[in-house]
Amino acid sequence: MNCNVEQSRLSGVITCPTNKSYTHRAIFLASLVNGKSLIKNVLRSRDTNATIEICKSLGAEITEAGSNLKVKGISKFEGEELTVDASNSGTTIRIAAAIASLRDSKTILTGDESLRKRPMKPLLDALEALGAKCSSNDGKPPLEITGKIKGGEISIAGNVSSQFISALFIASPLTEQGATINISSELVSKPYLDATISTMKKFGVDVIVMEQYKKYKIEPQEYKHTTITIPSDFSSVALLLSAAVLVGEELTVKISIGDLAQGDEAIIDILGKLGVDVSLNNNAITVTTPEKLLGGKFDLSNTPDLLPPLAILSLKCGFPLELYNVKHARFKETDRIAILVRELKKLGLDIAEKEDGMILNPPTILKGADLNSEDDHRLFMAFCIAGMYVGGCTISDPESVDVSYPSFVDDMNHVGAKITTK
Ligand SMILES: O=C(O)C1=C[C@@H](OP(=O)(O)O)[C@@H](O)[C@H](O)C1
Ligand SMILES: C=C(OP(=O)(O)O)C(=O)O
């Protein structure tokens, strides 16, 4: 499917959906508790539904109560050979693979076409070093994993995805010996590992930091039942604020924040550096935007999901915008660097692609175009917002938004967007 996007001006209030990363973590961790937990303000989306279904297959009992989930954890990690489907979700397959290695029978983990292209090898090697048997399609899903991991000391590279390390952390307390994990190269997406540690803490498990982002120790421990509330998702906030900057008139983004930190909160600081005045009052964010944004150089190593919303802001920049240190964006649902460069050029932008990012020069003439989002939710949303600024665009694959923000098109149209699906 495609949709048409015409020039639009947005005004009104949008409530941002809740956080995908914390929803995944809370469901997985609650599934590892010998007891009942309550997760409030859960994000329901294609990715988080995949996590729910996998946890149920592994033996957790999960029931819905409005926007909350009640989870009774897995009572035994035994049973028959199992096949599970992580759909489009990297977070799901990586954490589920580590949990599968706690079972003494085989688990086959697969996913959609995009997920079957995503790297898994560093995680599989680490699980083997801890005692599992793993096979894969040349380091990619489908995966076959047979446990049980016993624990021990291992090393894993940190430069492809932090999710491998989050996955190992989550499984480690339930091993016989616990684990000492050495991160052997520069860690990307660091705040997501911190998110894993803080969610584990909420479920009563301690991670010992021996050297931050380099060496951690996790003793054998039990997860404890709890109640946890999921905050708004700052990756989605970033997209909504990029819409506010490009096409907002009086647009307010409503959020809820708790005590669970998110790397993508950096969007507020970055917008400030671009010349946008951002205010937060009573959980409502509004922006005041200059005629032309300032441009600048931004290191996105810790915040790869900010790449699409920031790249489209170059449409309104008076100076070059350089986004760097984000090579790991090439290993997401798509190669986001290559596709952003290829598609945004169609709008008239002059962009230099770099191995680890891109330099977007200020536009001279912009024109509408047919943009292919390659079924990547964050690219679809970013291209839609760009389309509202430029006008006369079609964007492919609107159904991709189910992955993280199912009501995106409806929410946008509700505040004045001219997005029609055909
Ligand atoms: O652990 C998580 O919840 C995530 C970690 C990040 O991935 P990488 O660590 O692969 O960069 C991020 O891009 C992804 O959207 C969610
Ligand atoms: C990369 C993403 O998620 P995942 O790795 O879980 O597929 C994302 O949501 O942008």
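Residues numbered from 1 in each chain as written. Chains lettered and ligands numbered in written order. Predicted model: local features only at pLDDT ≥ 70, side-chain atom pairs only at ≥ 80, totals over all residues. Heavy atoms only, no water.

Attention now moves to the overall build of the chain. Across its full length, the chain carries 12 helices and 24 strands. When the backbone C-alpha atoms are referred to their principal axes, the chain occupies close to 60 × 45 × 40 Å. Out of the 422 residues in the chain, the part that is buried amounts to 59%. Residue pairs at least 24 apart in sequence account for 74% of intrachain contacts in the chain once pairs closer than 6 positions are excluded. Accessible surface, the chain: about 16000 Å² in total, of which carbon and sulfur atoms supply 46%. The centroid of the 46 positive side-chain charges in the chain is displaced by 2 Å from the centroid of its 52 negative side-chain charges. (Helix = DSSP H or I, 4+ residues; strand = E, 2+ residues; numbered from the N terminus. Buried < 20%, exposed > 50% of the residue type's maximum accessible area, 1.4 Å probe, protein only. Contact = heavy atoms within 4.5 Å. Areas by Shrake-Rupley, 256 points an atom, 1.4 Å probe, with all protein chains shown as cover. Lys, Arg positive; Asp, Glu negative; His and termini not counted. Charge placed at Lys NZ, Arg CZ, Asp CG, Glu CD.)

Now for the sheet that holds strand β6 (residues 82–85). Two modes of strand pairing occur in sheets, parallel and antiparallel, and in both the strands are linked by backbone hydrogen bonds. Here four strands make up an open sheet; going across it, the order is β6-β7-β9-β8 and the pairing mixed. Each having just a single partner strand, β6 and β8 (133–137) make up the two edges of the open sheet. Taking the axes of each pair of neighbouring strands and ignoring which way they run, one obtains an average angle of 15° across the sheet. Alignment of β8 against strand β9 (residues 140–146), held across five bridges, turns out to be antiparallel. When the bridges of β9 are listed, S136 appears paired with L143. Relative to β8, helix α4 (residues 121–129) is tilted by about 160°, and along the sheet it contacts β8 and β9. (Pairing = 2+ DSSP bridges. Axes fitted to C-alpha atoms, helices over the stretch in contact; angles between N-to-C directions.)

The environment of ligand 2 is made up of 13 residues, and the closest members are K20, G90, T91, R118 and R378. Within the contact set of ligand 2, an oxygen atom lies 2.9 Å away from a side-chain nitrogen or oxygen of Q163. Within the side chain of E333, a nitrogen or oxygen atom sits 3.2 Å from an oxygen atom of ligand 2. The protein chains hide 98% of the 290 Å² of surface that ligand 2 would expose on its own. (Near = heavy atom within 4 Å. Polar contact = N/O pair within 3.5 Å; in protein donor to acceptor, adjacent residues only side chain to side chain.)

Below, the discussion takes up the sheet that holds strand β5 (residues 68–72). In spatial order, the strands read β4-β5-β3-β14; together these four strands make up an open sheet with mixed pairing. Edge positions in the sheet fall to β4 (61–65) and β14 (227–229), since each has one partner strand and no second. Recorded for the sheet is a direction-independent mean angle of 20° between the axes of neighbouring strands. Of the strand pairs in this sheet, strand β3 (residues 36–40) and β5 are connected by four bridges, and their pairing is antiparallel. By the bridge assignment, I39 is partnered in β5 with L69. This element, helix α1 (residues 20–31), spans β3, β4, β5 and β14 of the sheet and lies at about 170° to β3.

Every residue near ligand 1 is listed here: S21, R25, T91, S161, S162, Q163, S189, Y192, P304, D305, H328 and K332. At a separation of 2.6 Å, an oxygen atom of ligand 1 approaches a polar side-chain atom of S161. A distance of 2.6 Å is found between an oxygen atom of ligand 1 and a side-chain nitrogen or oxygen belonging to D305. Surface burial for ligand 1 is 95%, taken as the share of its 390 Å² of free accessible area covered by protein chains. A breakdown of the residues in the shell around ligand 1 according to their chemical character gives two nonpolar, seven polar and three charged. Here the shell around ligand 1 gathers at least three residues from each of two domains, domain 1 (2–18 + 233–421) and domain 2 (20–229). (Nonpolar A, V, L, I, M, F, W, Y, C, P; charged D, E, K, R; others polar. Domains from an automatic or database assignment.)

Our focus in this paragraph is helix α7 (residues 234–247). Helix length check: α7, at 14 residues, gives a terminal C-alpha distance of 19 Å against a target of 20 Å (1.5 Å per residue), a fit within 8%. With 14 of 14 residues buried, α7 is to be regarded as a mostly interior element. Where α7 begins, the side chain of D233 points an oxygen toward the backbone nitrogen of S235, at a separation of 2.8 Å. (Expected span 1.5 Å × (residues − 1).)

So, about the side chain of S45. Following the sequence through the fold, S45 ends up in the loop between β3 and α2 (46–58). Using a relative accessible area of 3% as the deciding quantity, one classes S45 as buried. Within the structure, S45 has its side chain in polar contact with the backbone oxygen of V403 (distance 2.8 Å). With sequence-adjacent residues up to four places away left out, S45 is seen in contact with D402, V403, S404 and P406.

Let us look at the side chain of S31. One can find S31 in helix α1. Since its relative accessible area comes to 1%, S31 is described here as buried. Setting aside its immediate chain neighbours within four residues, S31 contacts C55, A60, I62, V71, G73 and I74.

The subject of this paragraph is the UniProt feature "active site" (unreviewed entry) in the chain. Residues annotated by UniProt as "active site" (unreviewed entry) correspond here to D305. Within the secondary structure, D305 is located in the loop between β18 (296–299) and α9 (307–313). We classify D305 as buried; its relative accessible area is 11%. When sequence neighbours within four positions are dropped, the list of residues in contact with D305 reads Y192, S235, D264, K332, R336 and R378. (UniProt positions renumbered as here; feature names shortened; annotations may be inferred.)

Enumeration according to the criterion identifies 25 salt bridges in this entry. Here K190 ties to E186 by a salt bridge, and the two come within 2.9 Å at their closest N and O atoms. Across the salt bridge formed by D269 and K273, the nearest N and O atoms sit 3.2 Å from each other. Placement of the pair is D269 and K273 together in helix α8 (residues 266–273), with a separation of four residues, close to one helical turn. Taken together, the shared-partner salt bridges connect R118, D305, E333, R336, D376 and R378 into one network. (Salt bridge = Lys/Arg side-chain N within 4 Å of Asp/Glu carboxyl O.)

The UniProt entry lists K20, G90, R118, Q163, R336 and R378 under the feature "binding site: phosphoenolpyruvate" (unreviewed entry), expressed in the numbering used here. Relative to the helices and strands, R118 resides in the loop between β7 (106–110) and α4. Owing to a relative accessible area of 5%, R118 belongs among the buried residues under this scheme. Non-local contacts of R118, meaning those with residues more than four positions away in its chain, are made with N88, G90, R94, G139, K140, P141, F331, K332 and E333. Tracing the backbone shows R336 in helix α10 (residues 336–345). Every residue in contact with R336, bar those within four places of it in the chain, is listed here: D305, L307, P308, A329, R330, D376, H377, R378 and L379.

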